[in-house]
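Descriptive analysis of the structure
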Amino acid sequence: MARVFLVNPPSPEPVRTPLLSFCHLAAALRAGGHEVALLDASAPHAPHDHAEIRARVAAFAPDLVGLHLKTLHVQPAYALAAALSGFALVAGGPHATIVPDEPLAHGFRWVVRGEGEAALVELAEVADGRRAPSSVAGLSWRDRGLPRHNPERPFNTELDALAPPLDALDLFDPAWYAATQTLPPAGILSSRGCPAACTFCSNDVTGRRFRYRSAASVAREIAQLHERHGLNAFSFFDDSFAVGKRRVRELCDAMAALPERVYWTCTAHPAHLDRDVLADMKRAGCGGVDIGMESADPGMLVRIGKGVTVERVLAVLGWCAELGIHTVVNLMFGWPDETDEELDATIRFLERASPLAGGFNARGVVVPYPGTQIYEEHHERFGFTGWWIREAPLAYPPFPTTWDLDEILRAYATDPAIDRNFFRHPPHRVARIREALAAKATATLVTARNRNAASGGVPAAGAR
Ligand code: B12
């Protein structure tokens, strides 16, 4: 039996719900017979001070201390790793998966690449002395000072066999989120992976191979959410919820058959949505869909590998409006080599989509995450190699916490990534992107105001 302490490092952009990946990891460790403690230091009211975090970790006397790494917030994570020197540190998460050598050079002894449940349990067995590190697939480690990368671990295809994530929820202190009762995770995963090949997407952990849980297994988790927490509203955190018409229908049937009516949102690719699928989803309690579109210029949609047309998105928005499903359309600006005309096509689309869409995403300037095609193709040309570690972190303002429209406008209408101007757009285009961000935020506010007026002030269930 090993003792494992997991820490989600403090982040300038606080997250107000328990980290779903920690629920999965902690539940797997417990199911494997190990002792787990955790600290979500990214939560707004959790301890953020390094000395206090170190004291908590030390009090648990762990054999392993695991940190979750995302690219955008890796600098505060490495600062925490330095403060935790002396413990056997293991890194995991999207950033650690893409650049495993980097955490190894920042005080970590181990790095788990990819999905972590089975690998972390096996690493706990290494800590126990029951296993050799070379036998853990997907593990990178320092072997006599030198980085060593074990072979890849295949994607987990047995998602129904995962330990139930709700079994680890008691490890999160409600006070970290200013809650009085245990706070449930905001999300459920019905699948992992996304078959699309978008040039900007950083989904290296879950990858392109689509895998899914049985409808019965998902329905069981939803029923538990209600039994244990009285909750009947949640989001699906799947990369791409609507893959596979038969699968979606089975899942929707299972949700519609639950004794309690549920309300949920998801993220879906417009190519997977048609009127029938959306009607199934609505029947099963779908209140909102987050739609990835990114550009409304036909040539740009091809260049970024989106696999969708402007007409298709408008059709999806029309079906959703007809069925009463709230939509959030994701649009981004500042693509590599984006021309004035291509940018204007997206700005003009806001007007076409506004009468149908529930709103648009916050911010929206393209960020080249490591491992993505747009990073690999352009980092040398534009000189942004290793930006996440070489430059000051991008200072995103926290997301609004209230339905205060002015607060929403402040958070949505700006984006620190435009100041960074990764793809060296000329000044007139940077100015145009700033206008586009403001136009997108305004379009969201106008639709929100109209909806609020129509519903007597009740906020609609929005996607993220
Ligand atoms: C839901 C979600 C969110 C939610 C999280 C809510 C919550 N309480 O959990 C919210 C809205 C808060 C969010 C915010 C952001 N997100 Co987000 N999010 C997701 C999404 C859709 C699902 C996350 C999830 O649960 N995945 C499922 C689990 C199984 O995967 P996982 O989280 O990677 O964890 C596994 C492994 O990574 C590993 N692992 C993870 N941590 C650790 C730690 C250790 C020690 C070990 C051993 C292993 C390990 O094991 C886990 C279980 O298998 C992913 C897409 C995706 N496919 O993951 C994006 C994703 C993680 N987000 C991303 C980004 C960019 C962000 C933001 C930075 C966005 C922004 N501000 O611009 C913020 C960061 C906020 C912050 N302060 O951390 C990127 C990260 C890319 C990167 N290279 O870092 C992703 C991958 C989306 C993408 N395709 O680009 N996000």
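Basis of the calculations
Residues numbered from 1 in each chain as written. Predicted model: local features only at pLDDT ≥ 70, side-chain atom pairs only at ≥ 80, totals over all residues. Helix = DSSP H or I, 4+ residues; strand = E, 2+ residues; numbered from the N terminus. Expected span 1.5 Å × (residues − 1). Contact = placed C-beta atoms within 7 Å. Pairing = 2+ DSSP bridges. Axes fitted to C-alpha atoms, helices over the stretch in contact; angles between N-to-C directions. Core = buried A, V, L, I, M, F, W, Y, C linked by C-beta atoms within 7 Å. Buried ≥ 20, exposed ≤ 12 C-beta atoms within 10 Å, placed from the backbone. Domains from an automatic or database assignment. Left-handed = near helix turned anticlockwise from the far one by under 90°. Nonpolar A, V, L, I, M, F, W, Y, C, P; charged D, E, K, R; others polar. Near = placed C-beta within 6 Å. Right-handed = clockwise from strand over helix to strand, strands pointing away. pLDDT = per-residue confidence, 0-100.

Our focus in this paragraph is helix H12 (residues 340–353). With 14 residues, H12 should reach 20 Å at 1.5 Å per residue; the first-to-last C-alpha distance of 20 Å fits that figure. Each element contacted by the buried residues of H12 is listed here: helix H11 (310–323), strand S14 (326–331) and helix H17 (427–454).

Here the focus is the sheet that holds strand S11 (residues 233–236). Read from one edge of the open sheet, six strands run S8-S11-S12-S13-S14-S15, paired in parallel fashion. Of all the strands in the sheet, the pair left with one neighbour each is strand S8 (187–188) and strand S15 (359–360). Judged from the three bridges that link them, S11 and strand S12 (residues 263–268) form a sheet pairing that is parallel. Within S12, the position partnered with Phe 234 by the bridge is Trp 264.

Pairing is mixed in the open sheet, where seven strands are placed in the order S2-S1-S3-S4-S5-S6-S7. With one partner strand each, in any of the chains shown, strand S2 (35–40) and strand S7 (146–149) form the two edges of the open sheet. Averaged over neighbouring strand pairs, the angle between their axes works out to 20° when direction is ignored. As judged from the four bridges shared by strand S1 (residues 3–8) and strand S3 (residues 64–68), these two strands associate in the parallel manner. Paired with Leu 6 across the bridge in S3 is Gly 66.

A few words now on the nonpolar core. Of all hydrophobic cores here, the largest spans 123 residues; its most connected members are Val 7, Ala 26 and Leu 123. The element that contributes the greatest number of residues to this core is helix H6 (residues 117–127), accounting for eight residues. Two domains each put at least three residues into this core: domain 1 (3–138) and domain 2 (186–454). Discounting residues that sit within four places of it in the chain, Leu 123 has contacts with Leu 64, Val 90, Trp 110, Val 112, Val 136 and Leu 139.

Next up on the list: the packing of helix H7 (residues 215–229) against helix H8 (residues 245–256). Following both chains from N to C, one finds H7 and H8 inclined at 35°, their axes separated by 9 Å at the closest point. You can see that H7 and H8 cross each other, and the crossing is right-handed. Of the residues in H8, those in contact with Ala 215, Ala 216, Val 218, Ala 219 and Ile 222 of H7 are Glu 250, Leu 251, Asp 253, Ala 254 and Met 255. Grouping the amino acids of the contact of H7 with H8 by side-chain chemistry returns eight nonpolar, no polar and two charged.

Under the domain assignment, the protein is made up of domain 1 (3–138) and domain 2 (186–454). Here the C-alpha centroids of domain 1 and domain 2 sit 28 Å apart. The partner domain 2 presents 16 residues to the 16 residues of domain 1 that form the contact. Only helix H3 (74–83) and helix H4 (94–98) provide two or more residues apiece to the side of domain 1 that touches domain 2. Classifying every residue of the side of domain 1 that touches domain 2 by side-chain character gives eight nonpolar, five polar and three charged.

Attention now goes to the site of the ligand. Around the ligand sit 42 residues, and of these Ser 11, Ser 21, Gly 66, Gly 92 and Gly 116 come closest. Secondary-structure elements contributing two or more residues to the shell around the ligand are helix H1 (20–31), S3, strand S4 (89–92), H4 and H6. Broken down by element, the residue count for the shell around the ligand peaks at four residues, all from H1. Tallied by class, residues from the shell around the ligand come to 19 nonpolar, 17 polar and six charged. Structurally, the shell around the ligand is a two-domain feature, drawing no fewer than three residues from each of domain 1 (3–138) and domain 2 (186–454).

Direction vectors running N to C along helix H9 (residues 275–283) and H11 enclose 35°, while the axes themselves pass 10 Å from each other. For the pair H9 and H11, the sense of crossing is right-handed. Note on element contacts: H11 touches H9 through Trp 319, Cys 320 and Leu 323, opposite Arg 275, Leu 278, Ala 279 and Lys 282. For the contact of H9 with H11, the residue count by class is five nonpolar, no polar and two charged.

Two elements, S8 and S11, share two bridges in a ladder whose sense is parallel. Of the residues in S11, the one forming a bridge with Ile 188 is Phe 236. In the classification by handedness, the crossover that spans S11, the intervening H8 and the parallel S12 is right-handed.

Moving on, we get to unusual backbone geometry. Its identity as a non-glycine residue notwithstanding, Ala 178 has a phi of 55°, on the positive side. As for its position among the elements, Ala 178 is in the loop between S7 and S8. Residue Ala 178 is classed as exposed on the basis of its 11 C-beta neighbours within 10 Å. With a phi angle near 45°, Asn 421 is a residue other than glycine that sits in the positive phi range. Positionally, Asn 421 belongs in the loop between helix H16 (416–420) and H17.

Before going further, it helps to spend a moment on the confidence of the model for the protein. Looking at the protein, the pLDDT average stands at 94 and 97% of residues meet or exceed 70. When pLDDT is averaged over each helix and strand of the protein, the minimum, 74, is found for helix H15 (residues 405–412) and the maximum, 99, for S3. Confidence over residues 457–464 falls short of pLDDT 50; this stretch has 24 contacts with residues more than four positions distant or in other chains.

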